[in-house]
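# Examining the three-dimensional arrangement
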Amino acid sequence: WELSTSGIYDSGSQREFYDMGVREVETFESFFRVDTAVSWQATEHLMLFGRVENLLNEKDLGYSSERQESDGSITRNSATQEDPGILFAFGARYQF
């Protein structure tokens with residue numbers, strides 16, 4: 001048996017830009033993601049394997065934006081992207 005686990009931490013970021021002279025600020029929230037994989041050499045020729053990505057079902061993207069309009073008013077948007085959720089993958093490898 002072989003087992004591997006990895007974690008990814010993203011501290012988030014902020015981006016400021018101008019769209020046709022209008023100031024916009026986008027903020028991406030932080031997240032922690034755990035992935036794991038396992039493989040088993042069943043026979044000399046056959047290996048079975050599987051992996052799980054985003055084991056804790058962490059949201060990959062928390063997003064908010066703030067747009068300062070030309071008249072000085074501010075428009076705010078926010079959303080949470082729940083993709084890809086938890087991914088399960090399994091397979092087999094047979095070598096002749």
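Here the structure is a predicted model, which is why all the values come from computation and not from measurement.

### So, the confidence of the model for the chain
On average, residues of the chain score 84 in pLDDT, and 91% of them reach the 70 mark or higher. Mean pLDDT in the chain bottoms out at strand 6 (residues 61–68), which sits at 72, and peaks at strand 5 (residues 46–53), which reaches 96.

### Some remarks on the sheet that holds strand 1 (residues 2–10)
Picture the strands of a sheet paired through backbone hydrogen bonds; they go either parallel or antiparallel. If you trace the four strands from one edge of the open sheet to the other, you get 1-4-5-8, paired in antiparallel fashion. Each edge of the open sheet is held by one strand with a lone partner, namely strand 1 and strand 8 (87–94). Between one strand axis and the next, the sheet turns through 10 degrees on average, direction left out of account. Bridging between strand 1 and strand 4 (residues 31–41) involves nine bridges; their strand directions are antiparallel. Residue pairing for strand 4: serine 4 is matched across the bridge by alanine 37.

### Points about the side chain of arginine 33
Within the secondary structure, arginine 33 sits in strand 4. Look at arginine 33 and you get buried, because its relative accessible area is 19%. Reaching out from arginine 33, the side chain makes a polar contact with the side chain of aspartate 35 at a distance of 2.8 Å.

### Overview of the environment of serine 65
Within the secondary structure, serine 65 is located in strand 6. On the basis of relative accessibility, which here comes to 10%, the residue serine 65 falls in the buried class. When the C-alpha positions of serine 65 and phenylalanine 31 are compared, they lie 18 Å apart, and in sequence the two are 34 residues distant. If we ignore the near neighbours within four places in the chain, the residues touching serine 65 are Val25, Glu26, Thr75, Arg76 and Asn77.

### Observations concerning a nonpolar patch on the surface
Among the surface-exposed residues, Trp1, Leu3, Val38, Trp40 and Leu48 lie close enough to one another that they form a single nonpolar patch of about 570 Å² accessible area. Here valine 38 lies in strand 4.

### With respect to unusual backbone geometry
In this structure, asparagine 54 takes a positive phi of about 60 degrees despite not being glycine. Mapped onto the elements of the fold, asparagine 54 is located in the loop between strand 5 and strand 6. Taking the relative accessible area as the measure of exposure, asparagine 54 reaches 2% and is therefore buried.

Definitions and cut-offs
- Residues numbered from 1 in each chain as written.
- Predicted model: local features only at pLDDT ≥ 70, side-chain atom pairs only at ≥ 80, totals over all residues.
- Heavy atoms only, no water.
- pLDDT = per-residue confidence, 0-100.
- Helix = DSSP H or I, 4+ residues; strand = E, 2+ residues; numbered from the N terminus.
- Pairing = 2+ DSSP bridges.
- Axes fitted to C-alpha atoms, helices over the stretch in contact; angles between N-to-C directions.
- Buried < 20%, exposed > 50% of the residue type's maximum accessible area, 1.4 Å probe, protein only.
- Polar contact = N/O pair within 3.5 Å; in protein donor to acceptor, adjacent residues only side chain to side chain.
- Contact = heavy atoms within 4.5 Å.
- Patch = residues over 30% accessible without salt bridge, like charges linked within 9 Å, V, L, I, M, F, W, Y side chains within 5 Å.
- Areas by Shrake-Rupley, 256 points an atom, 1.4 Å probe, with all protein chains shown as cover.
- Salt bridge = Lys/Arg side-chain N within 4 Å of Asp/Glu carboxyl O.

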